[in-house]
Amino acid sequence: MGPHPAVAAIRLAVRRVLHDILTDHTGSTAEPPYATVHAPARARAHEGAVQTAHGRPPSPLVLAACSGGADSMALASALAFEAPRLGVRAGGVTVDHGLQPGSDLRADEVVLRLRELGLDPVESVAVTVGRDGGPEAAARDARYAALDAVAERHGAAAVLLGHTRDDQAETVLLGLARGSGIRSLSGMAAVSGAGGRYRRPFLQLDRQTARKACMVQSLPVWDDPHNADPAYTRSRLRHEGLPALEKALGKGVVEALARTAQLSRDDADALDAWAAQAEAGVRDAAGRLECAKLYALPPAVRRRVLRRAVIEAGAPAGSLFARHIEEVDRLITGWRGQGAINLPGKVVARRQGGRLVIRQG
């Protein structure tokens, strides 16, 4: 008799991602020469060292980012099960944001649970959460900085994240509320980060599948009270906004939003590629942007060229919004002799002699 359907679903999702990581790591779709079954962590590490000596690439290390919640515990359990079967070393990391009393003790509990699953290495990282961009954005920035540091320190090939289809739907709605364009509607990518470091195996699975997988495996989970706190935008959306949409529009809203994310991402990627190719053709011999040539581009492509130029000049991408690019775009499409546009990062855009000049200061 096979595993429970929920357990089978999470394992299959992780197995597919591990195959992708192995393909990237070895440059081949063939079965990895170092595949093992039920190999203990120490044996796998020793095996990797021996194979390195014989010229084969060492087994890649994949980390599960785990908060102790149902999504990430399901992820960690699936990684612990699948990784040895594919010759992949599997570890875990939890981030202590220090935002609640006893968060350090909770992080220690998560470390213990990950080790009980057989993951190695496992560690907890404490971070200080700032205030830039609001509490949710600041916590996210601190968390990813910590995960980047851990991945670099251990030489990890990838870090798995437990975001589900429900998280994707929430992200799409938050992007829609910001009015930031099609890229915001594309939600979270299945692969992101420098060199494709971050992988999200569960974007096609719902939250209940992950929770059910934990329950049938008797995995203890921790429900973060922040996820139910109406002070946080995502929490209000999860407990009030999405249920209201489903009541008004019927079931299937989450699935439809997740499909919207993928379609939007495909469109955004195509437009980004078009903009990258068009940019060289709208610059003069000195590399300055020519307003007439920019005007001839489709608006969606032109604004992407402008955004790239503003970021290259020093504007932080995270602080650059649609309204900023619209103001710069008016220097091209609605030129009435207006003055310079001040942008984040002390970047200034102005029109001079039929050219668009974008620079700091």
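For every chain, the first residue of the written sequence is number 1, and numbering continues from 1 onward in sequence order. Predicted model: local features are reported for residues with pLDDT of at least 70 only, side-chain atom pairs are reported and counted for 80 or more only, and whole-chain, interface and lining totals are derived from all residues. Note that water and hydrogens are dropped before the side-chain values are worked out from all heavy atoms of the structure.

## Topic: helix α12 (residues 299-312)
Then comes step 1: Helix and strand labels come from DSSP, where a helix needs a run of H or I of at least four residues and a strand needs a run of E of at least two; each type is numbered from the N terminus. To estimate how far a helix should extend, the number of its residues minus one is multiplied by 1.5 Å. Here α12 spans 20 Å end to end across 14 residues, near enough to the 20 Å set by a 1.5 Å rise per residue.
Then comes step 2: Just beyond α12, the residue with positive phi is Gly314, at close to 125°.

## A closer look at the nonpolar core
Then comes step 1: Only buried Ala, Val, Leu, Ile, Met, Phe, Trp, Tyr and Cys residues count toward a nonpolar core, and they belong to the same one when joined by side-chain atoms within 4.5 Å. The cut-offs for exposure are 20% and 50% of the maximum accessible area for each residue type, with area from a 1.4 Å probe on protein chains only; residues under the lower value are buried, those over the upper are exposed, and the others partly exposed. Val14, Leu18, Leu79, Leu160 and Phe202 are the most contacted members of the largest nonpolar core, which totals 37 residues.
Then comes step 2: For this core, the secondary-structure elements that each account for two or more residues are α1 (5-26), β1 (61-65), α3 (70-82), α4 (103-116), β4 (158-160) and α8 (207-216).
Then comes step 3: Top contributing element to this core by residue count: α1, with nine residues.
Then comes step 4: Apart from residues lying up to four places away in sequence, Val14 is in contact with Leu75, Ala78, Leu79, Glu82, Leu160, Pro201 and Phe202. Only heavy atoms matter for contacts: two residues are in contact if any of them lie within 4.5 Å across the pair.

## Brief notes about the confidence of the model for the protein chain
Then comes step 1: Residues at a pLDDT of 70 or more form 91% of the protein chain, whose mean pLDDT is 88.
Then comes step 2: The quantity known as pLDDT measures the predictor's confidence residue by residue, on a range of 0 to 100. This model gives residues 29-53 a pLDDT under 50, and the stretch forms 42 contacts once residues within four places in sequence are excluded.

## Some thoughts on the pairing of strand β10 (residues 355-360)
Then comes step 1: Examined bridge by bridge, strand β7 (residues 289-290) and β10 share two bridges and lie antiparallel to one another. Looking at β10, one finds that Leu289 is bridged to Leu356.
Then comes step 2: Two strands pair if DSSP finds at least two bridges between them. Where strand β9 (residues 347-352) meets β10, six bridges bridge the pair, whose relative direction is antiparallel. Counterpart to Gln352 in the pairing with β10 is Arg355.

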